[in-house]
Amino acid sequence: MSIAMTPALPAPAGGAMTISGRPGARQLSRRAKAAIVVRYLLNNGAEVALEDLPDNLQAILTQQMGAMRLVDKVTVDQVIEEFTAELEAVGLHFPGDIAGALDALDGKISAHTAARLRKEAGVRQAGNPWERIKGLAPERLVPVFEEESPEIAAVILSKLDVGSAAKLLGMLPGPLARQITYAVNQTSSVTPEAVDRIGLSLASQLDAEPILAFDEGPVERVGAILNSSTSATREDVLQGLDETDKMFATEVRKAIFTFANIPTRISPRDLPTVLRGVDQSRLIVALAAAKNAGMEDVTEFIFTNISARLADQMREEMDELDDVKPADGEEAMSEIVGVIRDMEAKGELLLLQVEDDDAE
């Protein structure tokens, strides 16, 4: 027996249905059996996610429970036994429609395929829209706040976690942030239905956005490629970009992190963390190669921000090295850069932002 709602037996005159005299579970409608199962589970402290049912079924269940009064223990036992037997007989349960199948396969098939199937079937992503919205990065919501009215934005802001809301406000222009913050004062009379409509509308906008082939933008992709290239290749490509699109070249330079960027992108207070994460023998090779390549500022930055004893020790090790071949030095510098990048990706290090050289 499933908790599916089917037409109920009419309630007796007086509005309350009393089930007594041991009529047996077979004489009950499926609605009445469902009401008994739900009531039994609730009485025993079970968590029953009734809110996941469609609104009409929630209403039917509530009306059925309101029409019933007393059920004898024998009948309850029969209904629970029948319900348990049907549960144990179920081998697999499938969603029954394309929307449910897409939800079941969420994260298992590509986002592009899922979006195409939703569009072809005319279904939107299920679930609580606000849970999806809360999971978005604040950067994704900035365009929404800039386009919507302050009142709508205030409702969205109020539904976000405090940390996300604060970060989002910091990304908005000052006047707009103040307007939205003041509009929060006007949300005390907003109804739950209005909040639901706003959430569904925003979720629909998100569903309508095309799925992009790449997770990162062109600047990040080119920057990542040039990070792993040799210095000669990197400078040649950047020079070509300067001639073709200077603005794009400037953004790519900001996204690149090389060994030469250590003095400008790493805070002195973070340097000990970096040095603990790298192989000191490889660091010595990298520093020697950097010195030979005219990057003395890197070695001086490191030696200035560590203890004098350790700096003297590293200088001695550098002096003891034979001439470092350019290829070996490039490889060692790339290893150090890779360690720093990994630390940044794990949140163990925050690289400083590059300022424009010629601010206008």
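These figures come from a predicted structure and were not determined experimentally. Counting starts from 1 at the beginning of each chain's written sequence and moves along it residue by residue. Thresholds applied to this predicted model are a pLDDT of at least 70 for local features of residues and 80 or more for the giving and counting of side-chain atom pairs; totals over whole chains, interfaces and linings are not thresholded and use all residues. Side-chain descriptors were evaluated using all non-hydrogen atoms of the structure, hydrogens and water having been removed beforehand.

**Examining the overall build of the chain**
When helices and strands are counted, the chain shows 20 helices and two strands. Any residue under 20% of the maximum accessible area for its type is buried, any over 50% is exposed, and the rest in between are partly exposed; the area is computed with a 1.4 Å probe on protein chains only. Per-residue burial for the chain yields a buried fraction of 31% across its 360 residues. Considering only intrachain contacts with a sequence separation of at least 6, the fraction spanning at least 24 residues in the chain is 75%. Computed with the Shrake-Rupley method and a 1.4 Å probe, the accessible areas treat only the protein chains shown as cover for residues. Accessible area of the chain: about 22,700 Å², with a carbon and sulfur share of 53%. The helix count covers DSSP runs of H or I at least four residues long, the strand count covers runs of E at least two residues long, and both are numbered beginning at the N terminus. Should any heavy atoms of two residues lie within 4.5 Å, those residues are counted as being in contact.

**So, empty space enclosed by the protein**
Think of a 1 Å grid over the protein atoms and nothing else: a 1.4 Å probe that fits but is trapped marks a cavity, an open set flanked by protein within 12 Å on at least five of seven lines marks a pocket, and residues with an atom within 4 Å of a point count as lining. Grid points are joined across faces, edges and corners, and a volume is the space filled by probe spheres set on the points. Taken as a whole, this structure holds two cavities of 30 Å³ or more when the rule is applied. Within this model, the largest cavity holds a volume of roughly 50 Å³. Lining of the largest cavity is provided by Ile262, Ile266, Leu271, Val274, Leu275, Val278, Leu283, Ile302, Ile336 and Ile340. Counting residues per element, the ones that place at least two in the lining of the largest cavity are helix H16 (271–277) and helix H20 (326–345). Considering every element that reaches the lining of the largest cavity, the biggest residue donor is H16, with three residues. Taken together, the residues of the lining of the largest cavity sort by class into 10 nonpolar, no polar and no charged. Polarity classes work like this: nonpolar for Ala, Val, Leu, Ile, Met, Phe, Trp, Tyr, Cys and Pro, charged for Asp, Glu, Lys and Arg, and polar for all others, with Gly in that last group.

**Brief notes about the side chain of aspartate 72**
Looking at the element boundaries, aspartate 72 is found in the loop between strand S2 (68–71) and helix H3 (73–89). A residue is classified by how much of its surface remains accessible, and aspartate 72, at 18% relative accessible area, is buried. In this structure the side chain of aspartate 72 is engaged in a polar contact, spanning 3.2 Å, whose partner is the backbone nitrogen of valine 74. Polar contact is the term for a pair of N or O atoms within 3.5 Å; when the atoms are in protein, one must be able to donate a hydrogen and the other to accept it, and sequence-neighboring residues count only if both atoms are side-chain atoms. At 2.9 Å, the side chain of aspartate 72 and the backbone nitrogen of threonine 75 are in polar contact.

**Here's the deal with the nonpolar core**
Buried Ala, Val, Leu, Ile, Met, Phe, Trp, Tyr and Cys residues that are joined via side-chain atoms within 4.5 Å together make up what is termed a nonpolar core. Judged by nonpolar contacts, the single largest core of 34 residues is most densely connected at Phe259, Leu287, Ile302 and Ile340. Those elements that provide at least two residues to this core are H16, helix H17 (280–292), helix H18 (296–304), helix H19 (308–320) and H20. When residues of this core are assigned to their parent elements, the largest contribution, eight residues, is made by H17. The contacts of isoleucine 340, once residues within four sequence positions are left out, are Phe257, Ile262, Ile266, Val274, Leu349 and Leu351. Counting residues in hydrophobic clusters, the runner-up holds 24 residues, among them Ala153, Ala154, Leu160 and Leu168.

**Some details on the packing of helix H1 (residues 30–43) against helix H2 (residues 55–66)**
Axis lines are fitted to C-alpha atoms, over the contacting stretch for helices. Their N-to-C directions set the angle, which ranges from 0 to 180 degrees. Between H1 and H2, the shortest axis-to-axis distance is 9 Å and the interhelical angle comes to 85°. As judged from the angle between their axes, H1 and H2 are roughly perpendicular. Contacts between H1 and H2 involve Arg31, Ala32, Ala34, Ala35, Val38 and Arg39 from the first element and Ile60, Leu61, Gln64 and Met65 from the second. By residue class, the composition of the contact of H1 with H2 is seven nonpolar, one polar and two charged. By definition in this entry, angles of less than 35 degrees are roughly parallel, angles greater than 145 are roughly antiparallel, angles of 65 to 115 are roughly perpendicular, and the rest are oblique.

**Quick word on the pattern of salt bridges**
We define a salt bridge as a side-chain nitrogen of Lys or Arg found within 4 Å of a carboxyl oxygen belonging to Asp or Glu. Enumeration over the complete set of coordinates arrives at eight salt bridges. Aspartate 242 is the salt-bridge partner of arginine 253, the closest N and O atoms lying 2.6 Å from each other. Here the residue arginine 253 occupies a position in helix H14 (residues 246–255), and aspartate 242 occupies one in helix H13 (residues 231–244), the gap between them amounting to 11 residues.

**Here we look at the environment of glutamine 27**
Mapped onto the elements, glutamine 27 comes out in the loop between strand S1 (17–19) and H1. For glutamine 27, a relative accessible area of 52% corresponds to the exposed category. Separated by 48 residues in the primary sequence, glutamine 27 and threonine 75 have C-alpha atoms spaced 9.9 Å apart.

**Some thoughts on the packing of helix H8 (residues 150–159) against helix H10 (residues 174–183)**
Interaxial distance between H8 and H10 falls to 8 Å at its minimum, and their mutual angle equals 70°. Accordingly, the angle class assigned to the pair H8 and H10 is roughly perpendicular. On the side of H8, the interface is formed by Pro150, Glu151, Ala153, Ala154 and Leu157, while H10 contributes Gln179, Ile180 and Ala183.

**Section: H19**
Given a helix with a known number of residues, its expected span is that number minus one, times 1.5 Å. Counted at 1.5 Å a residue, the expected span for H19 with its 13 residues is 18 Å, and the 19 Å between its end C-alpha atoms agrees. Of all the residues in H19, the buried ones are Ala311, Met314 and Met318. Taken down its axis, H19 places every buried residue within 65° of arc, on the same side. Pointing more than 90 degrees away from the buried face of H19 are the exposed residues Arg309, Asp319 and Glu320. Looking at the buried side of H19, the elements it contacts are H17 and H18. What the arc measures is the spread of directions leading from the helix axis to the C-beta atoms.

**Concerning the confidence of the model for the chain**
Looking at the chain as a whole, its pLDDT mean stands at 82, while 84% of the residues score no less than 70. Each residue carries a pLDDT value, the predictor's own confidence for that position, ranging from 0 to 100. Looking across the chain, the model is least confident in S1, with a mean pLDDT of 47, and most confident in H18, with 93. Segment residues 1–22: pLDDT under 50, and 54 contacts once partners within four positions in sequence are set aside and those in other chains are kept.

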